[in-house]
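So the chains spell out like this:
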Amino acid sequence: MTVPAQGLPPKIRIHEVGPRDGLQNEKTLVPTEAKAEFVHRLAAAGLTTIEATSFVHPKWVPQLADAETLFPLVQDIGAGVRLPVLVPNERGLDRALTLGAHRIAVFASATESFAKANLNRTVAESLAMFEPVVSRAKEHGAHVRGYLSMCFGDPWEGAVPVHQVVSVATSLLDMGCDELSLGDTIGVATPGHVQTLLSELNEAGVPTDVIGVHFHDTYGQALANTLAALQHGVTTVDASAGGLGGCPYAKSATGNLATEDLVWMLEGLGIETGVDLGRLTATSVWMAGILGRPSPSRTVRALAPEAQPDQEQ
Ligand code: HMG
Ligand code: MG
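Predicted, not measured: the structure shown is a model, and the values here were computed from it. (Residues numbered from 1 in each chain as written. Chains lettered and ligands numbered in written order. Predicted model: local features only at pLDDT ≥ 70, side-chain atom pairs only at ≥ 80, totals over all residues. Heavy atoms only, no water.)

Caption draft 1: Examining the site of ligand 1 more closely. In the neighbourhood of ligand 1, 27 residues make up the surrounding shell, with Q24, N89, N118, S149 and T185 lying closest. For ligand 1, whose accessible area on its own is 1100 Å², the fraction buried by protein is 76%. Secondary structure elements with two or more residues in the shell around ligand 1: α1 (18-22), α4 (90-98), α5 (112-119) and β6 (143-149). Counted by class, the shell around ligand 1 contains 11 nonpolar, 11 polar and 5 charged residues. Counting the residues that make up the shell around ligand 1, at least three belong to each of domain 1 (15-84 + 239-313) and domain 2 (102-236). (Near = heavy atom within 4 Å. Areas by Shrake-Rupley, 256 points an atom, 1.4 Å probe, with all protein chains shown as cover. Helix = DSSP H or I, 4+ residues; strand = E, 2+ residues; numbered from the N terminus. Nonpolar A, V, L, I, M, F, W, Y, C, P; charged D, E, K, R; others polar. Domains from an automatic or database assignment.)

Caption draft 2: Fine view of the pattern of salt bridges. All chains considered together, the criterion is met by 12 salt bridges. Residue R13 pairs with E179 through a salt bridge whose shortest N-O separation is 3.0 Å. One end of the pair, R13, is in strand β1 (residues 13-16); the other, E179, is in strand β9 (residues 179-184), and 166 residues separate them in sequence. Residue R13 shares its accessibility class with E179, and that shared class is buried. Between E26 and R293 there is a salt bridge; the shortest N-O distance is 2.5 Å. (Salt bridge = Lys/Arg side-chain N within 4 Å of Asp/Glu carboxyl O. Buried < 20%, exposed > 50% of the residue type's maximum accessible area, 1.4 Å probe, protein only.)

Caption draft 3: Geometry of the coordination of the magnesium ion (ligand 2). Taken together, the protein ligands of the magnesium ion (ligand 2) are D21 (OD), H214 (NE2) and H216 (NE2), with distances of 2.0 to 2.3 Å. Read from N- to C-terminus, the donor residues coordinating the magnesium ion (ligand 2) fall into the pattern D-x192-H-x1-H. With relative accessibility at 5%, the residue H214 sits in the buried group. (Donors = N, O, S within 2.8 Å, 3.2 Å for Na, K, Ca; no water.)

Caption draft 4: Seen up close, the pairing of strand β11 (residues 236-239). Side chains T236 and D238 of β11 all project onto a buried face; the interleaved residues V237 and A239 project onto the opposite face, where all are buried too. As defined by bridge partners, β1 adjoins β11 across 4 bridges and the pair is classed as parallel. Directly across from R13, in β11, lies its bridge partner T236. After leaving strand β10 (residues 211-215), the chain enters helix α9 (residues 222-232) and then returns to the sheet as β11, a path that is right-handed. (Pairing = 2+ DSSP bridges. Right-handed = clockwise from strand over helix to strand, strands pointing away.)

Caption draft 5: Structural context of the pairing of β6. Counted residue by residue, β6 has 7 buried out of 7 residues, so it is predominantly covered. The side-chain alternation of β6 yields two buried faces, one formed by H143, R145, Y147 and S149 and the other by V144, G146 and L148. In this sheet, β6 lies alongside strand β5 (residues 103-109) in parallel orientation, the contact comprising 7 bridges. Bridge pairing in β6 places S109 opposite S149. For β6 and β9, the ladder comprises 4 bridges, and the chain directions are parallel. Bridge pairing links R145 to E179 in β9.

Caption draft 6: Examining the sheet that holds β1 more closely. Taken together, 9 strands build an open sheet; the order of strands is β2-β1-β11-β10-β9-β6-β5-β4-β3 and the sheet is parallel. With partners counted over all chains shown, the strands left at the sheet margins are β2 (49-50) and β3 (53-54), one partner each.

Caption draft 7: Representation of the packing of α9 against helix α10 (residues 259-269) in the model. The contact between α9 and α10 brings their axes to 11 Å, and the two run at 45°. Here α10 runs oblique to α9, going by the angle between their axes. Viewed along their axes, α9 and α10 form a crossing whose handedness is right-handed. Of the residues in α10, those touching α9 at L223, T226, L227 and L230 are D261, L262, M265, L266 and L269. (Axes fitted to C-alpha atoms, helices over the stretch in contact; angles between N-to-C directions. Parallel < 35°, antiparallel > 145°, perpendicular 65-115°, else oblique. Left-handed = near helix turned anticlockwise from the far one by under 90°. Contact = heavy atoms within 4.5 Å.)

Caption draft 8: Focus on the nonpolar core. Counting 98 residues, the largest nonpolar core has V85, I104, F130, L148, L172 and L197 as the members making the most contacts within it. Mapped onto the domain boundaries, this core takes at least three residues apiece from domain 1 (15-84 + 239-313) and domain 2 (102-236). Non-local contacts of F130, meaning those with residues more than four positions away in its chain, are made with P88, V106, F107, A108, L119, L172 and M175. Core analysis: the second largest hydrophobic core is formed by 6 residues, F114, C247, A250 and A253 among them. (Core = buried A, V, L, I, M, F, W, Y, C linked by side-chain atoms within 4.5 Å.)

Caption draft 9: Molecular detail of the domain arrangement of the protein chain. When the domains of the protein chain are assigned, the result is domain 1 (15-84 + 239-313) and domain 2 (102-236). Placing the centre of domain 1 and that of domain 2 at their C-alpha centroids yields a distance of 21 Å. Taken together, the contact between domain 1 and domain 2 spans 27 residues of the former and 26 residues of the latter. Buried surface at the junction of domain 1 and domain 2, summed over both partners, amounts to about 2000 Å²; 64% is from carbon and sulfur atoms. Where domain 1 touches domain 2, the interface holds 0 salt bridges. On the surface where domain 1 and domain 2 come into contact, there are 8 residue pairs in polar contact (both at pLDDT 80 or more). Among the secondary structure elements, those contributing two or more residues to the side of domain 1 that touches domain 2 are α1 and α10. For the side of domain 1 that touches domain 2, the element with the most residues is α10, which contributes 5 residues. Along the lines of polarity and charge, the residues of the side of domain 1 that touches domain 2 split into 15 nonpolar, 6 polar and 6 charged. (Buried area = accessible area lost by both parts, 1.4 Å probe. Polar contact = N/O pair within 3.5 Å; in protein donor to acceptor, adjacent residues only side chain to side chain.)

Written as structure tokens, this is what we have:
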């Protein structure tokens, strides 16, 4: 049943991160052909932005070491579907541009601890590493997303001061990023914190229309946080099919907001997504079969209770 609520945007763009954030933490290597089918199935379900893979060091994220093989396998997807890829440095950019990537994402941290763990750099060193990546990507006409991790809490440093997040966010925009994605990497945010951060970013001159939100669901807050962001006017929401995900370099990071849970809420609110929930759920059930465990998504479990692998009911 559709019952609209006041003060929400009429349309949302879902930035699907299942093939990248969803799979990057999986210990068992998923065959490249299955990853390509995953991306195709997500596109067929109506997702129009699908983060395909990462051009990071293959030893750092072995699951995505097949980026060179995978990326060409998804190029037959129509131009209406954007296929961004993660790129940490110029080496990664070269690899992505050679294969014709049009959209890249750099990934910064609001905290020193995670910058060190994830990028082997201080925050300042990682921003310096991204500068030539962003400028060269722009010269090639590529769209650049700037992820910002640990926007709310950090497993080593605890609560993250809002001003610290605002400072790195503005650096990413100043160097030329077209959009930001605010990451709650370990899923500790709550809605008031989300609204405060968004307001402080606006105060610092960052318009809401360049901001996306990226919630992990560790404490079950991802949908509540998303609703808070929508109420603030945010129209780009990151999510992962089936609720897969987690960061190998952040202790306690679990799955992303499940795309199905997001679509269920948005459909109930009458907000357009263009996603076919049945096809998407079938895709997550299929991927759960490959991974050998049920999807953590409440919506997938509700819509397809019989179809999931039964190892962890
Ligand atoms: P490093 O060890 O400092 O690398 O790692 P380096 O710059 O010293 O280079 C060492 C060697 O690696 C060199 O080779 C480079 O060429 C090679 P050598 O000259 O010794 O033969 N190398 C590469 N090879 C292939 N592709 C590359 C590349 N770069 C260097 N791109 C580095 C630094 C950034 C590479 C490493 O730390 C890394 O790859 N980190 C990636 C970690 C990662 O992918 N984390 C997960 C994504 S972030 C996330 O999940 C959070 C997010 O979802 C938002 C949220 O939830 O908050 C986005
Ligand atoms: Mg993430």
